[in-house]
Structure formats: structure tokens, C-alpha cells
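The lines below spell out each chain.
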Amino acid sequence: TARTLPNLLLVMFRDGLYAHCDCDAGNVAAQALERAASNLEANEIAMRETVARSARSRLERIFDNANVPNRFADLTWNGYKALAGGDEGKGMAIKAIDAYFAGDCIQTNRGKRVGIMLYGKSDMGKTGALSPLFLHYIRQGKPGLWVQYNDLLAALKQFEDGKVEERVSAAKHTEFLFIDDFGDPSAQRQATDYAREVMFRIIDHRNNYQKPTFITSNLTPAKLAEQFGDRIVKRVDELCLSVEVSGTAMGELIDEAHATSKWDNYPPVMA
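Residues numbered from 1 in each chain as written. Predicted model: local features only at pLDDT ≥ 70, side-chain atom pairs only at ≥ 80, totals over all residues. Heavy atoms only, no water.

Draft legend 1. Expanded view of the overall build of the protein chain. From N to C terminus, the protein chain includes 12 helices and 7 strands. Long-range pairs, those at least 24 residues apart, make up 79% of the contacts in the protein chain with a sequence separation of at least 6. Approximately 15,600 Å² of the protein chain is accessible, and the part contributed by carbon and sulfur atoms is 51%. (Helix = DSSP H or I, 4+ residues; strand = E, 2+ residues; numbered from the N terminus. Contact = heavy atoms within 4.5 Å. Areas by Shrake-Rupley, 256 points an atom, 1.4 Å probe, with all protein chains shown as cover.)

As C-alpha cells, then:
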């Protein structure tokens, strides 16, 4: 299938059918081989990026907000750990995400988990912790959907535009799915039958096919079960490692990190 001599040599070199010698002609052939390999790698990267852009554009056409919000897009994992690494309440979440970075999954005593769910009170840094992990894969050119739960549910109720099933399919099949703020902390009753059924379809499919899924929630698994039923929480538990995030609020950690002696430059208050 090679269309040029350098590409043919590259394929033969890969398969152990060709090796160049140290003479002038061999050196010329080696340089051509290196260029062909470089071009092939660049083309593969460009192809992956093109495919990923196409996937993101498709998601943007069917979801109003399919991207990581700007306030999370520039976060780095090392920056998060520098800020929150000393907070005991965030230690298990940091260990889990480090393990996922290292192995593209998490091995537990109950088997492999291809997703992570972080739960806890608001401002614990759940979204800030998982966003760098999600973006790590998106920047490799892999397709993904980041969506806030209320936005996802609203999009799945836009029956008038005829794209509801397309949105459900996108959430089920995208390579990486991030659902932020899953559930309603203010709700005093179960989610509607429609909300429970459509979310079960998405989570059940992703669990069946072991597709990487990241979830944050202000609700404990028990509270999620009250809203959505035991079966969806069971699927989440089979798909994700669930970790509670607690400790000091992120706002307080940020204030502490920014504390300096600048106030020493101000004149003292006069009596």
C-alpha cells in the first residue's frame, strides 16, 4: 500500500525486511526513512486532531454547552495538587486521579474502574480536580463531552428540535463523558420518571461497554439513590470509583495561597 519509495522502505524497515548500511547510499536512504517516519507521525497527529475537532463540532451542534467552562479549562493537575495536596479531605481523590493518569483506569479489589465519581459539599474542588484529567485525554485528540447535569437534562427535554435521541446517543457513545453536578441537592423528592430513565440509559450503556466516565455530585451515593433509584447507583458503582471529597473549601485554600506580606506596605491605622 506504500505510494512512495520512502514509505515502502519504512514499511519494510518496520517488518524487518530492510536495513540500510553505512555507505553514502545507505545514509541517504536512512535520512529518507527518518523523514518518512516523521511525516507519517505528523500526519497521524493531524488526523487525530481533525477527527477530534469534527467530533467536538458535532457535539456543539446538538448541545448548547459541550465544552469545559473557561474557569476550569486552564487548570493543571500539578497546580491543583500544589494548592490542595496538603488537605487531608482531598487526599483520596488525589490518589485516585494520580492512579488514573498512570493507568488510564483504576484497579480496585472489586475489579477495574474506568471512571471516577467525586462527591461532597460544594466548593470542595471536585470539578477542579477532575477537569485536568478529562482534558488530558481531550488534548490527545480523543472525543469527549463535558456537560453540567441541569444543562444535559434540559437538552434532553428539547423535543421540539427533534435531536433528543441524537443527544442521548452522543452521551452514550462519546469516548469520554464528564457529568458535572449530577443530581439536585435541593430536591425533596425523586427525579421525574423521564429523568431517571434517560440517565439510566446513558449510565447503563457506558457501564456495559466500559466507557470512561467522570462524575461530580453534591449528593452522596445514598442521596443519589433516593432521587434516581438503586439501579443507576449500582451502575455508577460498577463503572466508577466513588470518592468523597471534603476538607477545607477551595476558596479558603486559594485565599491562604495568595496570602503575602503586602499588607506590611500599608501605613498603620492611626488612632
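Let us keep going from here.
Draft legend 2. Just a negative patch on the surface, in detail. Where like charges cluster on the molecular surface, the negative patch consists of Asp123, Glu252, Asp255 and Glu256. Within the element layout of this structure, Asp123 appears in the loop between β3 (115-119) and α6 (126-138). (Patch = residues over 30% accessible without salt bridge, like charges linked within 9 Å, V, L, I, M, F, W, Y side chains within 5 Å. Salt bridge = Lys/Arg side-chain N within 4 Å of Asp/Glu carboxyl O. Lys, Arg positive; Asp, Glu negative; His and termini not counted. Charge placed at Lys NZ, Arg CZ, Asp CG, Glu CD.)

Draft legend 3. Summary view of the environment of Leu9. Within the secondary structure, Leu9 sits in helix α1 (residues 5-14). A relative accessible area of 14% means that Leu9 is categorised as buried. Sequence-distant contacts of Leu9, defined by excluding residues within four places in its chain, comprise Tyr18 and Leu33. (Buried < 20%, exposed > 50% of the residue type's maximum accessible area, 1.4 Å probe, protein only.)

Draft legend 4. Quick look at the sheet that holds strand β4 (residues 144-148). One open sheet holds the 5 strands; their spatial order is β4-β5-β6-β3-β7, and the pairing between them is parallel. The outermost strands of the open sheet, each flanked by one partner alone, are β4 and β7 (240-244). Adjacent strand axes in the sheet meet at a mean angle of 10 degrees when their direction is disregarded. Where β3 lies against β7, 5 bridges are found, and the strand directions are parallel. (Pairing = 2+ DSSP bridges. Axes fitted to C-alpha atoms, helices over the stretch in contact; angles between N-to-C directions.)

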